[in-house]
There are 2 protein chains.
Amino acid sequence: MQEIETKRRYSKQRECILNALRQTKRHPSASSIYDEVRKEIPNISLGTVYRNLSELSTGGEILKIDAGDGTERYDGCAEPHYHMICRCCHSVSDIDVPYLKDLDKQVEKISGADIAFHSVLFSGTCERCKNN
Amino acid sequence: MQEIETKRRYSKQRECILNALRQTKRHPSASSIYDEVRKEIPNISLGTVYRNLSELSTGGEILKIDAGDGTERYDGCAEPHYHMICRCCHSVSDIDVPYLKDLDKQVEKISGADIAFHSVLFSGTCERCKNN
DNA sequence: ATGCAAATAGTAATTATTACTGTTTATAGT
DNA sequence: ACTATAAACAGTAATAATTACTATTTGCAT
């Protein structure tokens, strides 16, 4: 199954969005990325941010994370990995445990489905919030 | 840590919502639960559905699942378990593998956070869609 | 340099969800 | 059974995140 070949053109906006994402360890929402890139391109449109984020994410260059709190977050690191969201401050952080690829195979067997990947979201109280 | 004691009163609406959820193996969204319970209580309000769903879910009687497609889904089975969403038909199904409770402990150690639980969402093509 | 489609800015529309308000109703105390 | 009280309600308005639309700009192949 080949992806549809779309000739993508360079755009200052997309480059700036990608840079902003790669320069942070946070997992910003679309609107905070918007705030960030506006420092560089003051009249960039929020729609442009959304369009590029979803394009980059379907292109596999970034990761889209469902934070479970009603906002999508984005991750400049596209390698599959797990996340945690703090129930207190709603920050999203990377969790450095190996991706359980066996789990996908196991689930394929028992469910009959094709599994592309899985995501794990830990929920709890982050170290900072724990110590007030 | 004790939950705040709220004296809850019976309501036909809440009972009907809970029954609707428990009678299905699907994982309906708020609006499809609304459609369902309207067969029984035609003038029920959508706000009532949302209010009861979030109350039942914080009360631990049902599960709220982030489908990763912009809608929250609800599960009448409150035991923690994993789910799969089909990228084709967007149906959510239960995945019958044991909950990895060791993972929570492991993550607590390496992250310093308090982990309450984790959720796993498999993404792929369900058996039905696979066979068109 | 020119033409064309991709990408954009700005705005409007949509969707899911929450908040508000005046009315109804479950239930505890008489 | 009667009454008072606050939980729950229906109906509607408001909010928030995201997507769609449109006329204009721009990257890039010829």
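1. Observations regarding the overall build of chain A
Logical step 1: When its secondary structure is counted, chain A shows five helices and five strands.
Logical step 2: Overall, chain A shows an N-to-C arrangement of helices and strands of α-α-α-β-β-β-β-α-β-α.
Logical step 3: Along the first, second and third principal axes, the C-alpha atoms of chain A reach 50 × 50 × 20 Å.
Logical step 4: Within chain A, the proportion of its 132 residues that are buried is 39%.
Logical step 5: By sequence separation, contacts in chain A at least 24 residues apart represent 47% of the contacts at least 6 residues apart.
Logical step 6: As displayed, chain A has an accessible area near 8,400 Å², and 48% of this comes from carbon and sulfur atoms.
Logical step 7: For chain A, the distance from the average position of its 19 positive side-chain charges to the average position of its 20 negative side-chain charges is 5 Å.

2. Notes on the relation of the copies chain B and chain A
Logical step 1: Least-squares fitting of chain B to chain A yields an RMSD of 0.1 Å, with the transformation described by 0.0 Å of translation along the axis and a rotation of 179°. Considering both components of the superposition, the chain copies are consistent with a two-fold axis. In terms of proximity to the rotation axis, the leading residue of chain B is Val120(B), whose C-alpha is 2.3 Å off the axis.
Logical step 2: Mapped onto chain A, 100% of the interface residues of chain B again fall at the interface, so both copies present the same surface.

What counts and how
Residues numbered from 1 in each chain as written. Chains lettered and ligands numbered in written order. Predicted model: local features only at pLDDT ≥ 70, side-chain atom pairs only at ≥ 80, totals over all residues. Heavy atoms only, no water. Helix = DSSP H or I, 4+ residues; strand = E, 2+ residues; numbered from the N terminus. Buried < 20%, exposed > 50% of the residue type's maximum accessible area, 1.4 Å probe, protein only. Contact = heavy atoms within 4.5 Å. Areas by Shrake-Rupley, 256 points an atom, 1.4 Å probe, with all protein chains shown as cover. Lys, Arg positive; Asp, Glu negative; His and termini not counted. Charge placed at Lys NZ, Arg CZ, Asp CG, Glu CD. Least-squares fit on C-alpha atoms with pLDDT ≥ 70 in both.

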